[in-house]
Structure formats: structure tokens, C-alpha cells
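Topology and contacts: notes
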Amino acid sequence: MKYAVAVKQVPDTSEVRVDENGSLVRAGVPSILDPYCEYALRKIEGIRKEGDEIVAFTMGPPQASEALRRCLCLGADRAYLISDPAFAGADVWATSRALAAFIQRYACDSDLIVFGARSSDGETGQVPFETAQLLSVQQFVYVADLSPEKDSFVCRQIYGDSERTCRVPRGSAVSFGGVDPCGTLMSISDRISGGKKTIETLGRVELGLGLYSVGLKGSKTRIVRTDSSVIRRKNRKAVINNPGRAAELILDEMGAGR
Amino acid sequence: MFTREKIGRSEEYLTDESKMTGHASNVLLPMTEQELREILRVYNSKGTPVTVAAMRTGVCGGSVPQGGDVLSLERMTGVIGIGKDERGYFLRAMPCTTLKDIDSILARRDFSGLADITEGACEALRNEPETYFYPVDPTEMGGSIGGNIATNASGPRTYRYGPTRDWVRRIRVVMADSAFADITRGECRAEGRRMGFAAGRNYYSFDLPGYDFNGSVKNAAGPRISENMDLIDLFIGSEGIFGVISEADIYLAPRHPLISVVLFFPDDASALSAAKDIRSDGILDPEFLEFMDGKSLDLIRSLKKRDPLSIRVPALPEPAGSALFFDIRKSDADASFGRLAEIAGKHGASLDVSWCGHEPADIERMRELRHSIPKTIFEYVASLKGEMPKIHKLGSDMAVPDAAADEMMSFYREKLDSAGLEYCMFGHIGNNHPHVEIILKSMEEFGKAKAIYEEFAAKSAELGGSPSAEHGIGKIKTQYMELLYGRKGVEELRKVKRILDPNGILCPGNMIGRSHEICRSCETGAGHLRSQGG
């Protein structure tokens, strides 16, 4: 089996602060492999069999290669950095278009296209959907478990309070719904072997994309204004021993807030 | 005016991380040095004692009051500015600024609002190619810089960088009578064993104790007394008994990108012999070298079994029976990994299951792993307090010279095994300073463990080490001062205390016990306080 895993480098959101103007202060904030993407990669690493191949790819600036290096240390066999100044300012649509172009040209024989649920900086969760749409492949979201079968996969999806188990045809896109709170600590052997693997960089021309298909020019989103909202909370403590009455009080409070 | 609040039933000002409890009437909360001086002026005139406290992260009861009031510096917080002298960059901070806050400001290079102590220092530091940091790492980053200086705190990175003392450039100290002294290293030294300095209108002149502080091992037992000593070293490590630190300058060092490593071994003996190889290795050259024995790893396993999210690390590899935690420089990674493979092979460790982390989040998780051991034991002891109020944590804090390290380790095991006590060992093996934590289950065991602990202390002193390598003396370990310096040495320190704090109001009970209960006729008149004018 061949797995193409899309990943993203993000600022470590636990370190991000907001300044007095409501802007994110990213100076000095370390960049990390997105925990959602890392979780998805680890899930695939967990089901891989001998002879399987994992290809990690990301779109980002040159320093995003550090996230790919981590993927190589965590089990990916090859890595591609999709990087070009023309990609700057891409919204989810332009990002999905570049990722879809990469898959069509460099990973079209993948048995599965894998994503994390969303990125921890943008939090849109739209890239898996739009990439699948552009590739005209089936998509399976909120995947908790996945197991390969002879010619397909079986996945278990968790939709809040309901679960669904279904067959996933080869070539589909899946996005895993979780994140590992304990994270991953790579072994020293994996670090040594991952450090020896190469990362290939691809630009706009290699992906066959026009200037108006990528980056800010290829984006459909236009940000008109950004405001920071200040949430003021009034805390009140009530001690109620009856759960029913407590629920009523919460509903009343919610009603009053509307 | 200063703020004074009744303590009442609020116990948080009456204890610290030792879980020892004390008693006091009020908590005093100065916001400025002016208010701090006002408090000391009033309290000195009344002869009412104050116990200085900040973040109360100490483990020897130094900030636990034994009467009088608590002088909490918690409102005197914040970084004041950046400066540079011939040694390098330094940072000026209020006493209750936490190490975490200092680290965060330096990591982000966020110097907005900070003063240039020397011209253009903030801008110059911002433009340095490398990030700077305060390298003393006492494990507890929530502790205050003033508390760290008062106890001469140290920790894992003492292995490379030495204790707090080595990084203090200058302090401002408010004396018991409210006068203040501004003390910069190198500006005031003793003449032989005679020290003299001015503070406000007063001139203090006295004989220093006759003993020499043992600086050859990690040692937090009192100030560094020696001939021709620097005045600043009298206050560093003096646990607040001579004066209250109201401001401090600490030196900074360039931060090298590091890779943290946890190397798992089949048993403790393999890990300890690998530690010797790593320590003497010219290539690996770690900044710290920490040990976690098999029982510590079992403690972590049981903690994670109860609550998998209690420590944010993956499950420990099952065959692991012991571990070493250290770091290597990123720039030398290839050579270091090669050397590591050789050492691991020689001592039965496997690089396939051992961890490395080169991203800050990974490094922090490994640090959390190591820190979880004492934290779990602290919480366990605290949980026993309801049933056994007099119980407190009993963990060793002894460091010995290299030549005596094996003998001391054997002594620990022999004594504890023969007493049938459960224990775990972890900590600063690079400085021959493991913590041996006795896991107590009853008051009977507590009594037994206390007696054994005394034997550990005596043995470490006999081997040329220190029974208080990094935790300080506080109120729990005062007997070790006499063990190290003799009755005469402690009495000489008390004489200094009576010169600098004649009414004995500052931190009574710390380090030298109750100094003012000693008969004043014992004094030889070696020291005196002279008023300058007014």
C-alpha cells in the first residue's frame, strides 16, 4: 500500500500570545509539526506492513522542511516540500488546489490520501474536503481507526454521539479526528535514520499551476477586516444538590444570555 | 503605608513544599522597596519577627513562619531592565519574579517596556544571533529569583553552569533596621576574616566564621565563607537571616540548541556505569546528567496507569529498568549519536527504544517526565498529612566528591534495604547528587527513615561532601550546619547574625536555629555596629 500524508507546520499554539492590539505574537514562538497531522501519520505508521510506503508532503515556506524531517523520523519514507513565493497568502481553496496538483502529479498511485482533522493554527478543517472534491475521490472524516484489507480499508468514524463503520475504497481521502495528548517521542534510531533521508522541493512550475491558481491571487477568501473580541465573563457560584434544578438554572442562565 | 492582612485560617502562607506547617498572625505585602523598608523599620522597632516568603517552593521550610508575621514579596515582581558589562549581558529583576517569567521574556526577546541599565543593552540583546537565557535550572521554574539567591539554588544544569551564586552580579539588600546596601560582586571584600560594609547610615564590621565553605562539591549549606570573601557571598545562600533581597542582577548566557535524550537501560548498575562514561566523554559533553532508577520508572508507570494524561509522555518501554536523561548539542548531533551508540551498546541500552527530542515541546515533555518523580512523592506525602500530621517528605540531598560516589551509593542501598524501607533514586548523577526518596507508609517508618537520613548526612560529610547539596538548610536541616562546621562555626555565624540583625527579627529558625536564644555573654565582642551620624 502507498499512503500520501498531508502535513502542516504550525506555531506551537501553547506558546502563542496576543498583544494589546489583538494580534498574534509569533516572534520567538517555535514551529512544530501540527499535532493533528502527527496523530494521522502515527496512525498510518501503526497499520503499515512490510513493503508499504508512506509519502509525507506539505505546502509552506522553506523552514517547513523541519516538519517534514520530523515526519521522516516518525516513519515516512519520502517527503516533498511544496514551496514557492507565489504560494504565499493562500486560503483553503488555493492550498487545496496546490495539494491536489501535487497528488495528481507525484502521488497519483496512492492507495489512501491522509489528513489530520484540521490545523491547530487555522482551525478551518476545510482542506481535506476541498482536496478530495478537486480530486473527485470519496472522503471519510472523523476517522478513529483504520485497517487495511485486501483491496480496500475499513474505518470507524466517530460523529460525537454516534459511530459508523464503513468500507473505504482505495484512492479515498481520510482525515483522522484526534490528537494524542501525550504526543510522540521519537527513538534515537529513528532520529538517526530520518536524518539521512532527503526532502524534495517542488515549486509552482513543477506542479503545473498558473500564477492565478495559487497563493493570494488564486484565493477566493478576501479578509476585509480583523477584529479581536474581548469576552467578559461574570462568574457566579451556586451550590445546588439537585441535578435537575441545576440543569434548569443553567438553561435559565443561557436563556437570559440570549 | 503597606498592606497587612490577617492570615486567619488561610494555611497557604504557613507552609511550603516541605509540607511543614508553621504559625503567624499576619501577612505583609509590600509592593515597593520603600514599603519593604517601612515594614522592617516598624517591625524592628517592635522586635516582632518576620519570615520572608516569595513563591514558597522551598523544600526545607525556609519560608514557614514560626511566629510573628509573614513578609510575602509576591507583589514585588517583574523584570526591570537589561544591561551589559565586561562579563556579558545581565538582567535586573524584582525579588519575586519567577524563573519562568524570566525565561519567557528572554525566549521571546520581548524587551518592550524594559529599561536599558547600560546604554543600548535591550536593543543589542534583541539583535544577538543567539537567544540568551538564565542557565541555572533548579527544576522548579515557578520559584522566585530572590528565593533562588537566598538559598543559592541549583539543579540539573549545575553540572555545567554551577549554582545560582555564580550568576549573581549584584543585589540590593534591605537590612533588619531598614537601611539598604547595594552590593556588586567584586566591590567589597573581607580583609582576611574581617568584613566591613556600609548600609545607609550604618557601618557593619565583624569577624567572619573561621571555617571554609566546601566549594568542591555541590553545596547549599549556608553562605560561601572563606578568607577575603566577597560581601555578596555572605547574603547569597544565607536564607534571609542577614537581610532581605529587594532587587537582583543576574547574568545571562547564550542558549545553544540542544537535543534531549532519555537513554533506557536494563538495570540501575548499567545506567550508573554508563553515566561514568558519559561524564568523562569529550564528545557528548552534556549540560546536565540525570538518573532515574528502576523504582522511579515503576512509579511513573503506576502513575500513568491510574491517569494516562498525568504525564504527557508516551508509555515507557517495558524492558526499561533504569534511565539516564541528558542533552547534547544540536550542532554536534552526528558525532554525539555515534558516540551514544557505542556507549549504549557497551551497557546494554538500545537506541531503538530510547528517546530523543529536538523540538521545545519534546524537550519539555522529557523534563516533565523527570520532574514528575519528586512531584508525585510530594503529593503522596501531602496525602498522608491528614492521617499523620507530623509526617514530612524525607529525601536525601547529599553530594559527594567523584572518588566517593560509589561508596555513597552502596551505603544508601545497604541501609535502606536492611531497614526494609521502600525508596526510589533519581536526580543529578552528574554531580554525584542523586535524591533518595523514602516512600513512607507509617509514622513508625518515618522514625526509622529519619534515623537513617542522619546516617546519610554524617556519611556524606565524612566523605568530604555536603548533606545539603541544593535544597538549603531552612528549618528542617539546621542540625547539618553543626555537622559540617562544628558548634563553633554555627556560633560564629550566629554572632554575625546578631551584628546584622540585633533584634533577631529576620527569618528566625532558618539555617542557624534560634540565634538570639543563645546567651549573649557567649559573645567575645568581635563584632560591632557603628552608627554613622544622625
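Preceding this paragraph is the structure being described.
Here is a short report on the structure shown in this document. Bear in mind the structure is a predicted one, so any value in this text is a computation, not a measurement. (Residues numbered from 1 in each chain as written. Chains lettered and ligands numbered in written order. Predicted model: local features only at pLDDT ≥ 70, side-chain atom pairs only at ≥ 80, totals over all residues. Heavy atoms only, no water.)

What follows covers the sheet that holds strand E18 (residues 355-357) of chain B. Strand order in the open sheet formed by 7 strands is E13(A)-E18(B)-E15(B)-E17(B)-E16(B)-E19(B)-E20(B), and the pairing between neighbours is antiparallel. What marks the edges here is a single partner per strand, and that holds for strand E13 (186-187) of chain A together with strand E20 (433-438) of chain B. In this sheet, E18(B) lies alongside E13(A) in antiparallel orientation, the contact comprising 2 bridges. Opposite A:Met186, over in E18(B), you have B:Cys356 as the bridge partner. Strand contacts of helix H8 (residues 294-306) of chain B: strand E15 (258-265), strand E16 (289-292), strand E17 (322-329) and strand E19 (423-428) of chain B, with the helix running at about 100° to E19(B), the strand carrying the most contacts. (Pairing = 2+ DSSP bridges. Helix = DSSP H or I, 4+ residues; strand = E, 2+ residues; numbered from the N terminus. Contact = heavy atoms within 4.5 Å. Axes fitted to C-alpha atoms, helices over the stretch in contact; angles between N-to-C directions.)

Taken as a whole and assessed by the stated rule, the structure comprises 19 aromatic pairs over all chains. Taking 6.4 Å as the distance between ring centres and 90° as the angle between the ring planes, the aromatic pair formed by B:Phe197 and B:Phe206 counts as edge-to-face. Each member of the pair, B:Phe197 as well as B:Phe206, is classed as buried. Where B:Tyr453 meets B:Tyr480, the ring centres are 6.2 Å apart and the plane angle is 25°; that geometry is what we call stacked. On the criterion of sequence distance, the pair formed by B:Tyr453 in helix H12 (residues 443-462) and B:Tyr480 in helix H13 (residues 479-500) is long-range, its members being 27 residues apart. Assessed through its relative accessible area of 5%, B:Tyr453 is described here as buried. Put simply, the rings of A:Phe57, A:Tyr80, A:Phe102 and A:Tyr106 touch in pairs and so form one group of aromatic residues. (Phe/Tyr/Trp six-rings, centres within 6.5 Å; stacked < 30°, edge-to-face > 60°. Buried < 20%, exposed > 50% of the residue type's maximum accessible area, 1.4 Å probe, protein only.)

Counting from both sides, the interface comprises 27 residues of chain B and, opposite them, 20 residues of chain A. A combined buried area of about 2,100 Å² lies between chain B and chain A, and 59% of that area is made up of carbon and sulfur atoms. When the buried surface of chain B facing chain A is broken down by residue, B:Arg108, B:Cys356 and B:Glu359 rank first, second and third, together holding 30% of it. At the junction of chain B and chain A, the tally comes to 2 salt bridges. For B:Glu359, the salt bridge identified is with A:Arg70, shortest N-O distance 3.7 Å. Applying the counting criterion to the chain B and chain A interface returns 8 residue pairs in polar contact (both at pLDDT 80 or more). Elements represented by at least two residues in the side of chain B that touches chain A include exactly helix H2 (99-108), E15, helix H9 (333-346), E18 and helix H10 (360-384) of chain B. Examining the composition of the side of chain B that touches chain A, we find that 5 residues originate from one element, H10(B), more than from any other. Looking at the side of chain B that touches chain A, its residues break down into 17 nonpolar, 2 polar and 8 charged. (Buried area = accessible area lost by both parts, 1.4 Å probe. Salt bridge = Lys/Arg side-chain N within 4 Å of Asp/Glu carboxyl O. Polar contact = N/O pair within 3.5 Å; in protein donor to acceptor, adjacent residues only side chain to side chain. Nonpolar A, V, L, I, M, F, W, Y, C, P; charged D, E, K, R; others polar.)

Read these as layout, nothing more, since geometry by itself doesn't imply function.
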